[in-house]
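Analysis of the macromolecular model
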Amino acid sequence: MPAAPSARFAHLAFDLDGTLVDTSEDIAAALNVALTAVGRDPLPVGDVVRHVGEGARRLVERALATADRALVDRATALFLDHYARHLLDVSRPYPGIVEALAALVEAGSLCTVLSNKPESLARAIVSGLGLSGFFVAVIGGDSLPVRKPDPRGLWELCTLVGVPSAATLVVGDSLIDAATARAAGAAFCGVAWGFGRDALEQAAIAPLLQRPGDLVTFVAGERPADGAQVGRAGSGAARSEA
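Residues numbered from 1 in each chain as written. Predicted model: local features only at pLDDT ≥ 70, side-chain atom pairs only at ≥ 80, totals over all residues. Heavy atoms only, no water.

Along the chain, aspartate 26 falls in helix H1 (residues 24-37). Apart from residues no more than four positions distant in its own chain, aspartate 26 is found in contact with Tyr83, His86, Leu87, Leu88, Asp89, Val90 and Ser91. (Helix = DSSP H or I, 4+ residues; strand = E, 2+ residues; numbered from the N terminus. Contact = heavy atoms within 4.5 Å.)

Moving on: the pattern of salt bridges. Using the criterion set out here, one finds twelve salt bridges in the structure. Salt-bridge contacts for arginine 57 lead to aspartate 73; the nearest nitrogen and oxygen are separated by 2.3 Å. With arginine 57 in helix H3 (residues 56-64) and aspartate 73 in helix H4 (residues 69-85), this pair connects stretches of sequence that are 16 residues apart. Residue aspartate 73 is classed as partly exposed on the basis of its relative accessible area, which comes to 37%. Note that arginine 85 is salt-bridged to aspartate 81, the shortest N-O span being 2.9 Å. Placement of the pair is arginine 85 and aspartate 81 together in helix H4, with a separation of four residues, close to one helical turn. (Salt bridge = Lys/Arg side-chain N within 4 Å of Asp/Glu carboxyl O. Buried < 20%, exposed > 50% of the residue type's maximum accessible area, 1.4 Å probe, protein only.)

Moving on, we come to the confidence of the model for the protein chain. Per-residue confidence for the protein chain averages 89 on the pLDDT scale, and 88% of its residues sit at or above 70. Across residues 1-6, where pLDDT falls below 50, the model places eleven contacts with residues more than four positions away in sequence or in other chains. (pLDDT = per-residue confidence, 0-100.)

The full count for this structure, using the stated rule, is two aromatic pairs. Plain terms: the ring middles of phenylalanine 14 and phenylalanine 135 are 6.0 Å apart, the flat faces sit at 75° to each other, and that makes the pair edge-to-face. Taken together, the residues span a long stretch of sequence, with phenylalanine 14 in strand S1 (residues 11-14) and phenylalanine 135 in the loop between helix H6 (119-128) and strand S5 (137-139) at a distance of 121 residues. Residue class for phenylalanine 14 comes out buried when judged on its relative accessible area of 3%. Looking at phenylalanine 135, the relative accessible area reads 10%, which means it is buried. For the ring pair phenylalanine 79 and tyrosine 83, a centre distance of 5.5 Å and an interplane angle of 10° mean the geometry is stacked. With a gap of four residues between them, phenylalanine 79 and tyrosine 83 both fall in helix H4, about one helical turn apart. Over the face of the ring belonging to phenylalanine 218 we find arginine 8, whose NZ or CZ atom lies 4.6 Å from the ring centre. (Phe/Tyr/Trp six-rings, centres within 6.5 Å; stacked < 30°, edge-to-face > 60°. Lys NZ or Arg CZ within 6 Å of the ring centre and 35° of its normal.)

Structure follows, in structure tokens:
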């Protein structure tokens, strides 16, 4: 499906957690099951989401605050086992996301998902929430030997949809997403409704859209309500959530 002539970007690559779907409570519940099983105290949801973005093992490693490989291995397995069975207990698309995706696809945008979550889990969430029809491809954290912020996942999506990175917009809630766009030579659009708003603001990443509906006008070349302007992901985007 060709992109609408008026759109600035033929391809939109979306992050999943904290961008399309609020997965915070299900992730936190699964992590806390794992932490409790290995003798650690559970963490508040707000603390958990600060560790989200670099894949399951990194999430567990940060929550444990340890380099003990065996402990991290055990806790990661426990986390993934519980999480795979409880992916959609309370996770839902952010308000306005479904409507925004429908409008973007209707306008001719090619939409994909680029997540550091295992591909099978990412696909299960997209499918389980009825979002599959909006996306032409999904790449997860284990689809390739590398993951975000390495640009190769985004380049693979660009190849799959037949659109160069220069005509691609990465939409995400974290500095990892911004760094991925920068490394790939794509544009970046931050979202303020996800997990990483504070980090994006502190790094002066722009644009930072306030509502999913703003993305529709932004892609069409119009000025969102907050006046954000597009630009290539700049030097601030090179920082990640380390």
